[in-house]
Amino acid sequence: MPRPSAGSHHGDKLHVKKGDTVVVLRGKHKGATGKVLLALPRDAKVVVEGVNLVTKHVKPSASNPQGGIEQREGALHASKVALVDPESGKATRVRKQIVDGKKVRVAVKSGKVID
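Q: Please clarify how the pattern of salt bridges should be interpreted in this entry.
A: What the rule picks out here adds up to 4 salt bridges. Between D12 and R42 there is a salt bridge whose closest N-O contact spans 3.5 Å. On the criterion of sequence distance, the pair formed by D12 in the segment before β1 (21-24) and R42 in the loop between β2 (33-40) and β3 (45-48) is long-range, its members being 30 residues apart. Exposure remark for R42: the relative accessible area of 45% places this residue in the partly exposed category. One salt bridge in this structure joins D20 and R105, with 2.8 Å as the shortest N-O distance. Of this pair, D20 sits in the segment before β1 while R105 sits in strand β10 (residues 102-107), placing them 85 residues apart in sequence. Across this residue pair, the class does not change: D20 and R105 are buried.

Q: Can you help me understand the nonpolar core in this one?
A: Grouped burial of nonpolar side chains is what soluble globular proteins tend to show. Counting 13 residues, the largest nonpolar core has V16, V22, V46, V48, L76 and V81 as the members making the most contacts within it. For this core, the secondary structure elements donating two or more residues are β1, β3 and β7 (81-84). If we skip the residues at most four places from it in the chain, L76 touches V24, A44, K45, V46, V48, V51, N52 and V81.

Q: Explanation requested: a positive patch on the surface in the structure shown.
A: Together, K90, R93, R95 and K109 make up a region of like positive charge exposed at the surface. By the secondary structure assignment, K109 is in the segment after β10.

Q: Please clarify how the sheet that holds β3 should be interpreted in this entry.
A: Hydrogen bonds along the backbone pair up the strands of a sheet, which may run parallel or antiparallel. In space, the 6 strands of this open sheet follow the order β6-β3-β2-β1-β7-β8, with antiparallel pairing throughout. One side of each edge strand has no neighbouring strand; the edge strands of this open sheet are β6 (75-77) and β8 (91-92). Judged from the 2 bridges that link them, β7 and β8 form a sheet pairing that is antiparallel. The partner of L83 across the bridge, within β8, is T92.

Here is what the cut-offs are and how they apply
Residues numbered from 1 in each chain as written. Predicted model: local features only at pLDDT ≥ 70, side-chain atom pairs only at ≥ 80, totals over all residues. Heavy atoms only, no water. Salt bridge = Lys/Arg side-chain N within 4 Å of Asp/Glu carboxyl O. Helix = DSSP H or I, 4+ residues; strand = E, 2+ residues; numbered from the N terminus. Buried < 20%, exposed > 50% of the residue type's maximum accessible area, 1.4 Å probe, protein only. Core = buried A, V, L, I, M, F, W, Y, C linked by side-chain atoms within 4.5 Å. Contact = heavy atoms within 4.5 Å. Patch = residues over 30% accessible without salt bridge, like charges linked within 9 Å, V, L, I, M, F, W, Y side chains within 5 Å. Areas by Shrake-Rupley, 256 points an atom, 1.4 Å probe, with all protein chains shown as cover. Lys, Arg positive; Asp, Glu negative; His and termini not counted. Charge placed at Lys NZ, Arg CZ, Asp CG, Glu CD. Pairing = 2+ DSSP bridges.

Below you can see the structure in the form of structure tokens.
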């Protein structure tokens, strides 16, 4: 039996992927931009560089013998971020198109091919 996805109506697909520059649309970090460090399609979440910093208590280990408290990025729901338009630098939706026999993502605002 397939696992129900968290809030996504398109199975395990996201409109953004690792390396994309996104802008946060909702929450206390609204308006912040950053690069997607990690995409979690099964949970419909993304981790954005410098956004949603959380405090994590880390146990001592071989790589970190001191342990301690560190700040790291927490996951955001993918619906709370939008891709940054490569032309205008503002938030845009994403459309899928076939260009030269290849399915690519296209920015809705400017019509520019993203990947």
